[in-house]
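Inside the fold
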Amino acid sequence: MSAAEETPLPPPHLLSHDPEIALRYRLARGAQVQWAELSVRARARRLGKAADVLLERMEDLADLIVEENGKPRVEAYGHEIGPSAAHVRYMCAQAPRLLVPRRFSPAVLPIREVTVTPVPLGVVLIISPWNVPLAIPFGQAMAALLAGNAVVLKPSEVTPRIGDAIGEVFDACGLPPNLFSVVQGDGRVGADLIAARPDKVLFTGSLATGRKVMAAAAAHPIPVSLELGGVDALVVCEDADIEFASSAIAFGGAFNHGQICASVERVLVHETVREELVSRVVDKLAQVPARDLGRVTFGMQRRVYDRHLQDARERGLHIRCGGAWRDRDQLEATVIEGEGIEDAPVWREETFGPVVAVATFRHDDEAIRKHDDCAFGLTASVFTTSPERAEHYARRLRVGAVSINELGASLHACGEVPWGGVEGSGFGRSHGQEGLLECTRPLVVDRPRWGLPSFKRPWWFPYDPHQRALMADLARSVAHRSLRVRFGARLRMGRALFRQLVEHPRL
Ligand code: NAD
């Protein structure tokens, strides 16, 4: 028995037995077939209405986001609803241009014409987190639907009503029934949805869950895109505008209570400007009103904060500000520094709270080494007044995106810019052209060119010494650096082909 015959199906315990989920997928598959028949332009016309709906319902959606997630209202507009609406406009305008077939003739088969068309995958399962509960799943769903897929969304169990609200926005666009649906539940439901075999999983969440998602998908196998955690760093060079950099750190480390995958968790500052920078950050954080910081959305986070702070104290690190709970739902914005911080969990692990750890460097190579000594690699921010130095960092830092004199997190609001990480921050991209193509597969169709009559290919049976020469000439004709040799090989091939057509038209 061959290896393939031994494992024809995923192990039974990986198959979902939930009839509700099976039905949801069946209905989604039915709706998808008709949806995929529409042109991209027609799909974009329908989906474009989502921007109007988001803007019309802005106040209600903001109420819901503030209530369920806890972020300040200004962030509900600026980080969730506004970017989602802008994403719709960008995607709907660009998709008809981006989802087009490529046509070409391969060099070794010039008698053929190949088209590569980005076609839909089928049913895309989106599993999303609670920290950016609207913009993350909405943007992914938009791309998947535009590309011709059906979508099943499992929002975080911490923010289920925002998941339902996304369903209402798509309903208001008049999409075919069952094309987009929301399935509520916790991780067990997420696991069941993967077991029921969607055609792709777009997962956003922690590294620990991402590993489970990938293992479950591997059993089928089905493709996954993983947008995972980050311990993102902001590098401040000695030539940077320190006032500007300190404002960026105060905001980038603490907005949404630090519950942002790309928040500033680490600061690498040149040792000569450390005190100036840190004291400005501390001053600025002291002036941020409690209402602007947001609150703990998911209670389990409290334990992570307490563990990281306790460890920092035990190591004798210097807590420059914060470090205490203002009330049960809000940790004071915290800045920590000191000898040995680079070994501490607050530096190496995702705190996902308003906590910034600071370390120093003496030269750029040291900063890059310290930056890359990290399990994650989502975004990095570099503050310097030297464009050359900034480009040097941008080329060397191991991350998905580098922002120069700006916060990497801001890029998530830009629908045009591919978003995603490397290493422990995952792989695959949402947003931009890459995010759209992530929801497609390249379908190859190969057809005759020039209306040529069919003839036996010179590399088919029976093999004879002429064919050996012909194949050697084929290699020379496409790959030799000399034009003269390529031309000579083509001439000989032409003659050999002609002879073969005459002598052995068919085998
Ligand atoms: P999480 O991993 O706990 O949960 C994410 C989602 O996965 C939830 O919907 C959850 O129900 C589901 N889930 C849990 N177990 C599952 C399983 N076994 N199979 C399938 N689904 C399962 O993450 P979270 O606490 O909701 O979100 C915070 C994390 O997300 C942080 O690590 C943060 O950095 C990361 N994040 C990353 C990005 C990014 O763009 N890279 C964006 C936002 C958040």
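It should be emphasised that the depicted structure is a prediction, and the values quoted were computed from it without experimental measurement. (Residues numbered from 1 in each chain as written. Predicted model: local features only at pLDDT ≥ 70, side-chain atom pairs only at ≥ 80, totals over all residues.)

Once that is clear, we can look at the overall build of the protein chain. From N to C terminus, the protein chain includes 18 helices and 18 strands. For the protein chain, the spread of C-alpha atoms along the principal axes amounts to about 90 × 55 × 50 Å. Relative to its 507 residues, the protein chain shows a buried fraction of 44%. Of the contacts formed within the protein chain by residues at least 6 apart in sequence, a portion of 70% connects residues at least 24 apart. (Helix = DSSP H or I, 4+ residues; strand = E, 2+ residues; numbered from the N terminus. Buried ≥ 20, exposed ≤ 12 C-beta atoms within 10 Å, placed from the backbone. Contact = placed C-beta atoms within 7 Å.)

Now for the packing of helix α8 (residues 187-195) against helix α9 (residues 207-218). Interhelical geometry of α8 versus α9 gives an angle of 25° and a closest axis separation of 9 Å. In terms of their interaxial angle, α8 and α9 are classed as roughly parallel. Both α8 and α9 take part in a crossing whose hand is right-handed. Residues Gly-187, Ala-191, Ile-194 and Ala-195 of α8 form the contact with α9, whose own contacting residues are Thr-209, Val-213, Ala-216 and Ala-217. Broken down by class, the residue content of the contact of α8 with α9 amounts to six nonpolar, two polar and no charged. (Axes fitted to C-alpha atoms, helices over the stretch in contact; angles between N-to-C directions. Parallel < 35°, antiparallel > 145°, perpendicular 65-115°, else oblique. Left-handed = near helix turned anticlockwise from the far one by under 90°. Nonpolar A, V, L, I, M, F, W, Y, C, P; charged D, E, K, R; others polar.)

Partitioning the protein chain into domains gives domain 1 (12-229 + 431-443), domain 2 (233-375 + 379-417) and domain 3 (455-503). With 18 residues of domain 1 at the contact, the number on the domain 2 side is 16 residues. Considering every element that reaches the side of domain 1 that touches domain 2, the biggest residue donor is helix α5 (residues 73-98), with seven residues. In terms of residue class, the side of domain 1 that touches domain 2 is made up of seven nonpolar, nine polar and two charged. (Domains from an automatic or database assignment.)

On to the site of the ligand, then. Taken together, 32 residues are adjacent to the ligand, and Pro-129, Gly-187, Gly-190, Gly-205 and Thr-209 come closest. Looking at the shell around the ligand, the elements that each hand over two or more residues are α8 and α9. Per-element accounting of the shell around the ligand gives the leading share, four residues, to α8. A per-class count over the shell around the ligand returns 13 nonpolar, 13 polar and six charged. Inspection of the shell around the ligand shows a minimum of three residues originating in each of domain 1 (12-229 + 431-443) and domain 2 (233-375 + 379-417). (Near = placed C-beta within 6 Å.)

A separate point is unusual backbone geometry. Here the amide bond leading from His-220 into Pro-221 is cis, since omega sits at -5°, within 30 degrees of zero. Locating Pro-221 in the fold gives a position in the loop between α9 and β7 (224-227). Omega for the bond connecting Phe-461 with Pro-462 falls within 30 degrees of zero, at -10°, which places this linkage in the cis form. Within the fold, Pro-462 resides in the loop between β18 (440-448) and α17 (465-479).

This part takes up helix α12 (residues 301-314). The periodicity of an α-helix, 3.6 residues per turn, causes residues three or four places apart in sequence to face the same way. The end-to-end C-alpha distance of α12 is 20 Å, a good match for the 20 Å that 14 residues give at a rise of 1.5 Å each. Turning to α12, its buried residues are Tyr-305, His-308, Leu-309 and Ala-312. The arc enclosing the buried residues of α12, seen along the axis, measures out at 95°, which places them on a common side. Of the exposed residues in α12, the ones pointing more than 90 degrees away from its buried face are Arg-303, Gln-310 and Glu-314. The inward-facing, buried residues of α12 abut β10 (318-321), β12 (330-331), β13 (334-337), α13 (345-348) and β14 (355-361). Of the residues flanking the end of α12, it is Gly-316, one or two places downstream, whose phi is positive at about 75°. (Expected span 1.5 Å × (residues − 1). Arc of directions from axis to C-beta.)

Another point: the environment of Glu-227. Turning to its location among the elements, Glu-227 is positioned in strand β7. Linking Glu-227 and Trp-347, residues 120 residues apart in sequence, is a C-alpha distance of 20 Å.

This next bit is on the sheet that holds strand β2 (residues 112-120). One open sheet holds the three strands; their spatial order is β1-β2-β18, and the pairing between them is antiparallel. Two strands lie at the open edges of the sheet, namely β1 (102-104) and β18, each paired on one side alone. Neighbour-to-neighbour, the strand axes of the sheet open up by a mean angle of 20°, direction not taken into account. Of the strand pairs in this sheet, β2 and β18 are connected by nine bridges, and their pairing is antiparallel. Directly across from Val-114, in β18, lies its bridge partner Asp-446. (Pairing = 2+ DSSP bridges.)

Let's shift gears to the confidence of the model for the protein chain. With 96% of its residues at a pLDDT of 70 or more, the protein chain shows a mean pLDDT of 94. In this model residues 1-5 is a low-confidence stretch, pLDDT under 50, and it forms one contact with partners more than four residues away in sequence or in other chains. Considering only residues more than four positions removed or in separate chains, one finds that residues 10-14, a stretch of pLDDT under 50, has seven contacts. (pLDDT = per-residue confidence, 0-100.)

Attention shifts here to the environment of Leu-125. Here Leu-125 lies in strand β3 (residues 123-127). Between the C-alpha atom of Leu-125 and that of Asp-199, which follows or precedes it by 74 residues, the distance is 7.6 Å. Setting aside anything within four residues of it in sequence, one finds Leu-125 in contact with Val-152, Leu-193, Ile-194, Pro-198 and Val-201.

Moving on to the sheet that holds β13. Overall, mixed pairing links the seven strands, which are arranged β10-β13-β14-β9-β8-β15-β16 in an open sheet. Each edge of the open sheet carries a strand with a single partner, namely β10 and β16 (401-404). This sheet shows a mean twist of 25° between the axes of neighbouring strands, independent of strand direction. Two elements, strand β8 (residues 233-236) and strand β9 (residues 266-270), share four bridges in a ladder whose sense is parallel. Note on β9: the bridge partner recorded for Val-236 is Val-269. Contacts from helix α10 (residues 242-254) reach β8, β9, β14 and β15 (379-383), with the element oriented near 170° to β8.

A word on the packing of α10 against helix α11 (residues 274-287). In helix packing, the relevant descriptors are the interaxial angle and the interaxial distance, both defined with respect to the helix axes. At a minimum axis separation of 9 Å, α10 and α11 run at an interaxial angle of 50°. Considering the angle they form, α10 stands oblique to α11. Relative to α11, the crossing made by α10 is right-handed. Contact with α10, carried on its side by Ile-242, Glu-243, Ala-245, Ser-246, Ser-247, Ile-249, Ala-250 and Ala-254, involves Glu-276, Leu-277, Arg-280, Val-281, Lys-284 and Leu-285 of α11 and no other residues of that element. The residue inventory of the contact of α10 with α11, partitioned by class, reads eight nonpolar, two polar and four charged.

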